[in-house]
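A closer look at the structure
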Amino acid sequence: MTLKKLLYYLIKLRNKIFLPFFILYILIAAFVVYLIEPHTFESYITSIYWVLTTLATVGFGDYTPVTDLGKVYTIILYITGIGLVSVFIGKVINSAYLIDKLKVGGKMKYTGKNHIILVGWNAKSKLAIEEILRSDKKIDIVIIDVLEKAPLMEERLFYVRGDATDEETLLDANLPTAKGVIIFADQITQDNYATKDPLLVDGKTLLVATAITSIEEKFKKSIHVTAEVINQKHIPLFKHVKVDEFIPTQEMISHAAVRSLFSHGVTHMYSELMTIQYGEAMYEIPKQEEWKTYRDAFLDLLNKGATLVADRGDLYINQKLDKLIPEDAQLFVICDKETISHFKSTEEK
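These lines cover the structure that appears in this document, whether it is placed above or below.

Cut-offs used in this document
Each residue is numbered by its place in its chain's sequence as written, counting from 1. Totals for whole chains, interfaces and linings use every residue, but because this is a predicted model, local features are given only for residues with pLDDT of at least 70 and side-chain atom pairs only at 80 or more, for both listing and counting. Neither water nor hydrogens contribute to the side-chain values; these are computed over all heavy atoms in the structure. Helix and strand definitions here come from DSSP, where helices need a minimum of 4 consecutive H or I residues and strands a minimum of 2 consecutive E residues; each element is numbered from the N-terminal end. Each residue gets one of three labels from its accessible area relative to the maximum for its type: buried under 20%, exposed over 50%, partly exposed in between, using a 1.4 Å probe on protein chains only. Using the Shrake-Rupley algorithm and a 1.4 Å probe, accessible areas are obtained, with residue cover drawn only from the displayed protein chains. Paired strands, in this sense, are two strands between which DSSP finds at least two bridges. To form a nonpolar core, buried Ala, Val, Leu, Ile, Met, Phe, Trp, Tyr and Cys residues must be joined to one another through side-chain atoms within 4.5 Å. The contact criterion used is simple: two residues touch if any of their non-hydrogen atoms lie within 4.5 Å. Centre distance within 6.5 Å is the pairing criterion for rings of Phe, Tyr and Trp, where only the six-membered ring of Trp is used; planes under 30 degrees apart are then read as stacked, over 60 as edge-to-face, and the remainder as tilted. Just to be clear on terms, a salt bridge is a Lys or Arg side-chain nitrogen sitting within 4 Å of an Asp or Glu carboxyl oxygen. An expected span of 1.5 Å times one less than the residue number is assigned to each helix. The arc in question is the one traced by the directions running from the helix axis out to the C-beta atoms.

**Thoughts on the overall build of the protein chain**
Helix and strand counts for the protein chain stand at 11 helices and 9 strands. Across the 349 residues in the protein chain, those meeting the buried criterion constitute 36%. Looking at the protein chain as shown, the accessible area adds up to about 22,200 Å², and 61% of this sits on carbon and sulfur atoms.

Structure, rendered in structure tokens:
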């Protein structure tokens, strides 16, 4: 047993000291050849260059030992060094493989910032990823789930495996620097228990939101959190945690289904608002200095190809057009990408 431990220790030690040993070998080999033939190799840097090209079996021929001692030394270098280089290349390839394996398995920490975190993997998560990638060409996405490997492989998609109620998992996803978080209802709990007790599904969502709030308070950060709830009656349970927006899925679907019976075609309107596949979508737009009242903003936007529809969650703009727009207003319009790009470029100027 002691011998096995010793061998295991030596193997670990070999892996740790190999790179320093390899670098030291090259430096010493270059110094020796420089001492043997200082006239052939004008500088120490030149001798390092020659050793590297020799060990890599490139051999450009621009520098060649001319003395017998130099040639014998070159033979010794071939015998000892080329195998060493092969081992080094193998370790580099193996390290790249291990890094890729860790990334696919969700065991690597995400170190970027201004990313979006999606908690939970299901069909809605996949659609959200497609929407994010289509809407923003630079932002990264981090998925948190307990799957054995990443559900998707995309250039800007990262995976962290773990329980989202655990602070360590959220920190592995670099939550303090995230732009926002979307918590999707747990699919496994939803499939197995939602029909019996939807509180179990929303209860897990609440635990995740609590963990996020705890980290926000700890790091003194404010992160936009959107949570999916199964039963709208459970939303008051979230009053002690910071959740900015809710997605009451069942109620929204039921409401749209009922309204479609009394107002035919209403579901098409819902589809237009919830997707950008028809060229227009809802965007947030900054308040302009020349806009004093909602009427000013409404008419100006209308002339430029956009329709003002809401201030935060207030959809009754048409009933208070002559009221002053508050400084902290959050205005939303429906328009195409070209129109919103024009407003953004004007704001930057």
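**Some words on the pairing of strand S4 (residues 180-183)**
Pairing of strand S1 (residues 116-119) with S4, which is carried by 4 bridges, proceeds in the parallel orientation. Its bridge partner being in S4, Ile116 is matched across the sheet by Gly180. In the sheet, S4 pairs with strand S5 (residues 224-229) via 4 bridges, with the strands oriented parallel. The residue bridging Val181 from the neighbouring strand is Val225, located in S5.

**Here we look at the nonpolar core**
In this structure, Ile117, Leu175, Val181, Ile183 and Ile212 are the most contacted members of the largest nonpolar core, which totals 25 residues. Secondary-structure elements contributing two or more residues to this core are S1, strand S2 (141-145), S4, helix H7 (198-219) and S5. The leading source of residues in this core is H7, at 5 residues. With 18 residues, the next largest nonpolar core counts Tyr294, Ala297, Leu301 and Leu331 among its residues.

**Considering the side chain of Thr226**
Take Thr226: it is sitting in strand S5. Classification of Thr226 by relative accessible area gives buried; the value is 14%. Once you skip the residues sitting within four places of it in the chain, Thr226 turns out to touch Val181, Ile182, Ile183, Glu245 and Ile247.

**Points about the packing of aromatic side chains**
This model, assessed by the stated rule, comprises 6 aromatic pairs. In this structure an aromatic cluster arises from ring pairing among Phe41, Tyr49, Trp50 and Tyr63.

**What to know about the pattern of salt bridges**
Throughout the structure, instances matching the rule amount to 8 salt bridges. For the salt bridge of Glu167 with Lys218, the shortest nitrogen-to-oxygen distance reads 2.9 Å. Pair noted here: Glu167 is in helix H5 (residues 167-172) and Lys218 is in helix H7, with a separation of 51 residues, a long-range link. Exposure remark for Glu167: the relative accessible area of 27% places this residue in the partly exposed category. The class for Lys218 is exposed, based on a relative accessible area of 53%. In this structure, a network of salt bridges that share partners links the residues Glu216, Lys242 and Asp244.

**A short note on the environment of Ile48**
Within the secondary structure, Ile48 is located in helix H2 (residues 44-55). Accessibility expressed as a relative area gives 16% for Ile48, which makes it buried. Once the C-alpha coordinates of Ile48 and Ala30 are considered, the two residues, 18 residues apart in sequence, prove to be 4.9 Å apart. For Ile48, the contacting residues outside a window of four places in its chain are Ile26, Leu27 and Ala30.

**Quick word on unusual backbone geometry**
With a phi angle near 55°, Asn114 is a residue other than glycine that sits in the positive phi range. The residue Asn114 is located in the loop between helix H3 (68-104) and S1 in this model. At Lys220, a residue that is not glycine, the phi angle is positive and equals roughly 55°. Of note, Lys220 is situated in the loop between H7 and S5. With a relative accessible area of 77%, Lys220 lands in the exposed category.

**A look at helix H4 (residues 123-135)**
The α-helix advances 3.6 residues per turn, and as a result positions three or four apart in sequence lie on the same side. The terminal C-alpha atoms of H4 lie 18 Å apart, and with 13 residues this matches the ideal 18 Å at 1.5 Å per residue to within 8%. Burial in H4 covers these residues: Ser125, Ala128, Ile129, Ile132 and Leu133. Buried residues of H4 fall within an arc of 130° about the axis and therefore sit on the same side. Set apart from the buried face of H4 by more than 90 degrees, the exposed residues are Ala123 and Leu127. Taken together, the buried residues of H4 touch S1, S2 and strand S3 (157-161).

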